[in-house]
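Below, each chain spelled out in residue letters.
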Amino acid sequence: MTKNACFNAYLDFLGCLPQHHPATAPLYGPMKVAAHQDMLAIFGRNGAQSAQANGIGDLQLPYFRMGNIDSVNLFDIDELIIFSFYRQNAQRYRRALDIGANIGLHSIVMAKLGIQVSSYEPDPIHYDRFAENVERNGVVSLIKPVKAAVSDKAGKAQFVRVLGNTTGSHLAGAKSNPYGDLERFDVDIVDFRSLIQGIDLIKLDAEGEEAKILLTTDAKDWATMDAIVEIGNAENAKLIFDHFQALGINLFSQKNAWSRVPDLAGIPSSYKEGSLFISSKSAMPWNPA
């Protein structure tokens, strides 16, 4: 199988069979292992670092180390699930926010699908690589990159770079026990409320800051807006569940095969349990609009 056919096979399969997305599903573990090996062959240090994806086009991501992990991990199974969702729903969404953009892969996939993206990444090393990747992929006109973090208020704060895994870097205080060697420096923070006017899709990976951000919303914000969210801990999971229960806004979780979450037990409480989809829709759309 060619690299393009392999990449498309994952997007096609994952888009058709969301019942296999929970980490507890029988096929999930084997798919995760196989996907990592296949993506390593395509996007690893010795791979082409590009693939032609149906509906997306030529996707290029040069190899990049982020401590003990690397850019291949940005194509792990849970990310491929989200890319499949973007592709299936490209006609549904026109303007997106990417909060925690890292080196830009989610923003680039959305932009190649024709979605206008405002992207926020506070780590200057990631941001610089993000800007290079945006230019390399020819989507400069569709992505607005901003070197800043997002939270519940504007200002400045200390940022903690986790050298062993820079994808886990975060605003100081967002994680109770940051691990390994750390660097600390100040970053700009943008108020989430100032960003959401006209936005219809949010990808939120804020490394522990997600509850602060989401608790600023009210029911009317979700009339035409959806979000795909990574939740970092059990405390944030409860805060988010309680908030959206009170608002009457639906929650759908990868943990529950994207069915509606009836209680707190259905909410992911770490990245290992996948993502949460927030929407006023009655179901998560796993078919094209």
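Residues numbered from 1 in each chain as written. Predicted model: local features only at pLDDT ≥ 70, side-chain atom pairs only at ≥ 80, totals over all residues. Heavy atoms only, no water.

Chemist: I tried to follow the pairing of strand 15 (residues 276-279) on my own but got confused; where do I start?
Modeler: Strand residues, when the strand is regular, have side chains that alternate between the two faces of the sheet. Here strand 15 shows a buried face lined by Leu 276 and Ile 278 and a second buried face lined by Phe 277 and Ser 279. Two elements, strand 13 (residues 226-229) and strand 15, share three bridges in a ladder whose sense is antiparallel. Its bridge partner being in strand 15, Ile 228 is matched across the sheet by Phe 277. Sheet topology places strand 14 (residues 250-253) next to strand 15; four bridges connect them, and they run antiparallel. Pairing of Leu 251 across the sheet is with Ile 278, part of strand 15. (Buried < 20%, exposed > 50% of the residue type's maximum accessible area, 1.4 Å probe, protein only. Helix = DSSP H or I, 4+ residues; strand = E, 2+ residues; numbered from the N terminus. Pairing = 2+ DSSP bridges.)

Chemist: Which parts of the structure should I look at to understand the packing of helix 3 (residues 77-88) against helix 4 (residues 105-112)?
Modeler: How two helices sit against one another is set out by the angle between their axes and by the gap between those axes. Contact geometry for helix 3 and helix 4: axes closest at 10 Å, N-to-C directions at 20°. Relative to helix 4, the element helix 3 lies roughly parallel. For the element pair helix 3 and helix 4, the recorded crossing hand is right-handed. Of helix 4, the residues touching helix 3 (which contributes Glu 79, Ile 82, Phe 83 and Tyr 86) are Leu 105, His 106, Val 109 and Met 110. Classifying every residue of the contact of helix 3 with helix 4 by side-chain character gives six nonpolar, one polar and one charged. (Axes fitted to C-alpha atoms, helices over the stretch in contact; angles between N-to-C directions. Parallel < 35°, antiparallel > 145°, perpendicular 65-115°, else oblique. Left-handed = near helix turned anticlockwise from the far one by under 90°. Contact = heavy atoms within 4.5 Å. Nonpolar A, V, L, I, M, F, W, Y, C, P; charged D, E, K, R; others polar.)

Chemist: Looking at this model, I keep getting lost on the sheet that holds strand 10 (residues 170-171). Mind explaining?
Modeler: Pairing between the strands of a sheet is mediated by backbone hydrogen bonds and can be parallel or antiparallel. An order of 8-11-9-10 is seen for the four strands of this open sheet, with the pairing classed as mixed. Both edges of this open sheet fall to strand 8 (149-151) and strand 10, since each of them pairs with a single strand only. Of the pairings in the sheet, the one linking strand 8 to strand 11 (residues 182-191) comprises three bridges and is parallel in character. When the bridges of strand 11 are listed, Val 150 appears paired with Val 190.

Chemist: Which parts of the structure should I look at to understand the packing of aromatic side chains?
Modeler: Any aromatic ring pair is given by two values, namely how distant the centres are and how the planes are angled relative to each other. A full pass over the atoms with the stated rule returns 12 aromatic pairs. Note on Phe 43 and Phe 75: the rings are 3.9 Å apart at their centroids and 10° apart in plane angle, and the pair reads as stacked. Taken as a pair, Phe 43 in helix 2 (residues 28-43) and Phe 75 in the loop between strand 4 (69-70) and helix 3 lie far apart in primary sequence, 32 residues in all. When sorted by exposure, Phe 43 lands in the same class as Phe 75, which is buried. Aromatic rings pair up to connect Phe 85, Tyr 93, Phe 252, Trp 258, Phe 277 and Trp 286 into one cluster. (Phe/Tyr/Trp six-rings, centres within 6.5 Å; stacked < 30°, edge-to-face > 60°.)

Chemist: Would you take a moment to explain the pattern of salt bridges for this structure?
Modeler: Two side chains that carry opposite charge are able to pair once their charged atoms sit near each other. Under the counting rule described, the total for this entry stands at 14 salt bridges. We note a salt bridge from Arg 161 to Glu 183, for which the minimum N-O separation is 2.6 Å. Placement of Arg 161 in strand 9 (residues 155-162) and of Glu 183 in strand 11 is noted, with a sequence separation of 22 residues between them. Of the charged contacts, one joins Lys 212 and Glu 209 as a salt bridge, the two residues approaching to 3.7 Å between their closest N and O atoms. With relative accessibility at 46%, the residue Lys 212 sits in the partly exposed group. For Glu 209, a relative accessible area of 5% puts it in the buried group. Members of the salt-bridge network, linked through shared partners, are Asp 123, Arg 161 and Glu 183. (Salt bridge = Lys/Arg side-chain N within 4 Å of Asp/Glu carboxyl O.)

Chemist: Sorry, what's going on with helix 2 here?
Modeler: Given 3.6 residues to a turn, an α-helix orients residues that are three or four positions apart in the same direction. The terminal C-alpha atoms of helix 2, which comprises 16 residues, lie 21 Å apart, in line with the 22 Å expected from a rise of 1.5 Å per residue. Among all positions in helix 2, only Tyr 28, Met 31, Ala 35, Met 39, Ile 42 and Phe 43 are buried. Across the axial projection of helix 2, the buried residues extend over an arc of 65°, all falling on one side. Away from its buried face, by an angle of more than 90 degrees, helix 2 presents the exposed residues Pro 30, Val 33 and Ala 41. (Expected span 1.5 Å × (residues − 1). Arc of directions from axis to C-beta.)

Chemist: So what exactly am I meant to see when it comes to the environment of Phe 277 here?
Modeler: Looking at the secondary structure, you find Phe 277 in strand 15. Taking the C-alpha atoms as reference points, Phe 277 and Asp 226, 51 residues apart in sequence, are found 7.2 Å from one another. Ignoring any residue separated from it by four or fewer positions in sequence, one finds Phe 277 in contact with Phe 85, Tyr 93, Asp 226, Ala 227, Ile 228, Asn 250, Leu 251, Phe 252, Trp 258, Met 284 and Pro 285.

Chemist: Before we go on, may I ask you to explain the sheet that holds strand 12 (residues 201-204) in this structure?
Modeler: Pairing in this open sheet of seven strands is mixed, and the strands run 7-6-5-12-13-15-14 from one edge to the other. Only two strands of the sheet have a single partner each, and these edge strands are strand 7 (143-146) and strand 14. Shown here is a sheet whose adjacent strand axes are inclined to one another by a mean of 15°, direction ignored. Helix 5 (residues 124-136) contacts strand 6 (116-120) and strand 7 of the sheet and is inclined by roughly 165° relative to strand 7.

Chemist: Mind showing me how you'd approach the nonpolar core here?
Modeler: Within soluble globular proteins, side chains that are nonpolar tend to cluster in buried spots. Ranked by internal contacts, the top residues of the largest apolar core, which has 54 residues, are Phe 7, Met 39, Phe 75, Leu 80 and Tyr 86. For this core, the secondary structure elements donating two or more residues are helix 1 (3-16), helix 2, strand 1 (50-53), helix 3, helix 4 and helix 5. In terms of residues, this core owes the most to one element, helix 3, which gives seven residues. For Leu 80, the residues in contact, after removing those within four places along its chain, are Phe 7, Tyr 10, Leu 11, Leu 14, Ala 35, Met 39 and Phe 75. Counting 32 residues, the second largest nonpolar core, distinct from the first, contains Val 146, Val 190, Ile 202 and Phe 244. (Core = buried A, V, L, I, M, F, W, Y, C linked by side-chain atoms within 4.5 Å.)

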